Amino acid sequence: MHKTQDPHFAERVRASFARQPAMTLIGASMPVIEPGYTEIHLPHKPEITQQHGYIHGGVVGMIADSAAGYAASTLTGHETSVLTVEYKLNLLAPAEGQLLIAEGSVVRYGRTLIVTRAEVFAVKHGRKMLCALMQQTIIAVHGKQEQPAKP
């Protein structure tokens, strides 16, 4: 169990997610925010598929990156931002189904570096199948606030 430094972490993370035009563009939502864990849900839409009809691997990477990054952010103080340093993504199966769910979690929380992981599941006819696995390194940037939302 991870301990958060900010009692208002869920509101802060939700507001940050709302400031990401990329997530709005692809139609993603973040219905689950817990200490050290978040979920991003992405319904299937033709605009985010590749030539075989599967959700594009780049989009799979986007939601994995954000889910794991926001999992890290749930544990930081309100004055700290997080940025991805690197990630390794394994695409295990086609991202095929009505919904993708990226489950991000913190593996190890440090003052400067945070190691996270994400599992991305494709939900097809009510069955969840693991389609991607990611490990990520996050840097905590202390004293750096996010940019306000642009109109």
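Structure report, in brief. On a predicted model such as this, the values are computed, not experimentally measured, just so you know. (Residues numbered from 1 in each chain as written. Predicted model: local features only at pLDDT ≥ 70, side-chain atom pairs only at ≥ 80, totals over all residues. Heavy atoms only, no water.)

With respect to the pairing of strand 2 (residues 37-43)
Part 1 of the argument: With respect to burial, strand 2 is a largely interior element, five of its seven residues being buried.
Part 2 of the argument: Direction of pairing for strand 1 (residues 29-34) relative to strand 2: antiparallel, over a ladder of four bridges. Bridge pairing in strand 2 places S29 opposite H41.
Part 3 of the argument: Connecting the antiparallel pair strand 1 and strand 2 is a turn made up of two residues, with G36 showing a positive phi of about 75°.
Part 4 of the argument: In terms of strand pairing, strand 2 meets strand 4 (residues 99-109) through seven bridges, oriented antiparallel. Bridging across to strand 4, Y37 finds its partner in S105. (Buried < 20%, exposed > 50% of the residue type's maximum accessible area, 1.4 Å probe, protein only. Helix = DSSP H or I, 4+ residues; strand = E, 2+ residues; numbered from the N terminus. Pairing = 2+ DSSP bridges.)

Here we look at the pattern of salt bridges
Here the idea is simple: oppositely charged side chains can pair when their charged atoms come close.
Part 1 of the argument: Scanning the model with the defined rule gives four salt bridges in all.
Part 2 of the argument: The shortest N-O distance in the salt bridge between K124 and E96 comes to 3.5 Å. In this pair, K124 is assigned in strand 5 (residues 113-124) and E96 in the loop between strand 3 (80-91) and strand 4, connecting sequence segments 28 residues apart.
Part 3 of the argument: You can call K124 partly exposed: its relative accessible area is 34%.
Part 4 of the argument: When the shortest N-O distance is used, the salt bridge between K128 and E103 registers 3.0 Å. One end of the pair, K128, is in strand 6 (residues 127-142); the other, E103, is in strand 4, and 25 residues separate them in sequence. (Salt bridge = Lys/Arg side-chain N within 4 Å of Asp/Glu carboxyl O.)

Examining the nonpolar core
Part 1 of the argument: Formed by 30 residues in total, the largest nonpolar core has its most connected members in I26, I40, L42, I63, L100 and V120.
Part 2 of the argument: With seven residues, the top contributor of residues to this core is helix 3 (residues 57-73).
Part 3 of the argument: Beyond its immediate sequence surroundings of up to four residues, V120 is in contact with V60, I63, A64, L100, I101, A102, M129, L130, C131 and A132.
Part 4 of the argument: The next biggest cluster of nonpolar side chains, apart from the first, holds seven residues, and it includes A72, L75, V106 and I138. (Core = buried A, V, L, I, M, F, W, Y, C linked by side-chain atoms within 4.5 Å. Contact = heavy atoms within 4.5 Å.)

Here we look at a nonpolar patch on the surface
Part 1 of the argument: Side chains of L83, V85, L113 and I139 sit close together on the surface and give an oily, nonpolar patch of about 330 Å² of accessible area.
Part 2 of the argument: With respect to the element layout, L83 can be found in strand 3. (Patch = residues over 30% accessible without salt bridge, like charges linked within 9 Å, V, L, I, M, F, W, Y side chains within 5 Å. Areas by Shrake-Rupley, 256 points an atom, 1.4 Å probe, with all protein chains shown as cover.)

A few points about the sheet that holds strand 3
Paired through backbone hydrogen bonds, the strands of a sheet run either parallel or antiparallel to each other.
Part 1 of the argument: The antiparallel open sheet is built from six strands, whose spatial order is 1-2-4-5-6-3. Edge strands, defined here as strands with exactly one partner in the open sheet, are strand 1 and strand 3. On average, each strand axis in the sheet is inclined to that of its neighbour by 20°, with strand direction left out of account.
Part 2 of the argument: As paired elements, strand 4 and strand 5 share 10 bridges and run antiparallel to each other. Note that in strand 5 the partner of Y109 across the bridge is I114.
Part 3 of the argument: Helix 1 (residues 9-18) contacts strand 1 and strand 2 of the sheet and is inclined by roughly 160° relative to strand 1.
Part 4 of the argument: Packing against the sheet, helix 3 makes contact with strand 1, strand 2, strand 3, strand 4, strand 5 and strand 6, and its axis sits at approximately 40° to strand 4. (Axes fitted to C-alpha atoms, helices over the stretch in contact; angles between N-to-C directions.)

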